[in-house]
Amino acid sequence: MRLVVGYLATPGGADAMALAARLARTLGAELELCLILPPEPAGVARLSVGRYDELLHEQAEKWLSEARAAVPEDVVARSNVSFDEYFADGLIKQVARLEADAIVVGGSGGGVGWPVLTWFGSQ
């Protein structure tokens, strides 16, 4: 069984990780931590010299490394970084690519928000 975690480096992302780790332990599932980043904006003047995707990817890997450190050692967790204009679309593409059984996402923050689990297939 494979669970995709739609991760953000926010309190909502930490909530999603906590729920996903508990579910993975209970169900014997593996975790795929997915961080979806926005692509480089076209036509926007920047001070950078074209390393936008590379720098953003490096930062994302740091965030995911911190998230993986919170996963219990007996749970298999891998990380994935991808670029998409829309977080939800990018996450759905990752679910399809990884053939996941469920998605876990956290609350958006700024108020009371609970992590959400969505199953696919006939589970």
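Throughout this description, residue numbers start from 1 for each chain and increase along the sequence as written. Two thresholds apply to this predicted model, a pLDDT of at least 70 for residue-level local features and 80 or more for giving and counting side-chain atom pairs, whereas whole-chain, interface and lining totals are computed over all residues. By convention in this description, side-chain values take in all heavy atoms of the structure and omit both hydrogens and water.

A. Inspection of the nonpolar core at higher detail. Only buried residues count toward a nonpolar core. Its members are Ala, Val, Leu, Ile, Met, Phe, Trp, Tyr and Cys residues joined through side-chain atoms within 4.5 Å. Buried means the residue's accessible area, taken with a 1.4 Å probe over protein chains only, is under 20% of the maximum for its type, while exposed means over 50%, and partly exposed covers the values in between. Met17 and Leu31 are the most contacted members of the largest nonpolar core, which has 22 residues in total. Taken together, the elements giving at least two residues each to this core come down to β1 (2-6), α1 (11-27), β2 (30-37), α2 (52-69) and β4 (102-105). Numbering of helices and strands runs from the N terminus; a helix is a DSSP stretch of H or I covering at least four residues, while a strand is a stretch of E covering at least two. In terms of residue count, the dominant contributor to this core is α1 (five residues). We call two residues in contact when some of their heavy atoms are within 4.5 Å. Every residue in contact with Leu31, bar those within four places of it in the chain, is listed here: Leu3, Val5, Ala20, Ala21, Ala24, Val71, Val75, Val76, Ala77 and Arg78. Counting eight residues, the second largest nonpolar core, distinct from the first, contains Val4, Cys34, Ile36 and Ile103.

B. Examining helix α3 (residues 87-98) more closely. Between the first and last C-alpha of α3 there are 16 Å, a value that for twelve residues agrees with the 16 Å anticipated at 1.5 Å per step. Along α3, the residues classified as buried are Gly90, Leu91, Gln94, Val95 and Leu98. Down the axis of α3, the sector holding all buried residues measures 140°, keeping them to one side. For α3, the exposed residues set more than 90 degrees away from the buried face come down to Ile92, Lys93, Ala96 and Arg97. Of the surrounding secondary structure, the elements contacted by the buried residues of α3 are β1, β2, β3 (77-83) and β4. At the C-terminal side of α3, Glu99 shows a positive phi close to 55°. Here the expected length of a helix is defined as 1.5 Å per residue gap, with one fewer gap than residues. Regarding the arc, it is the one traced by the directions from the helix axis to the C-beta atoms.

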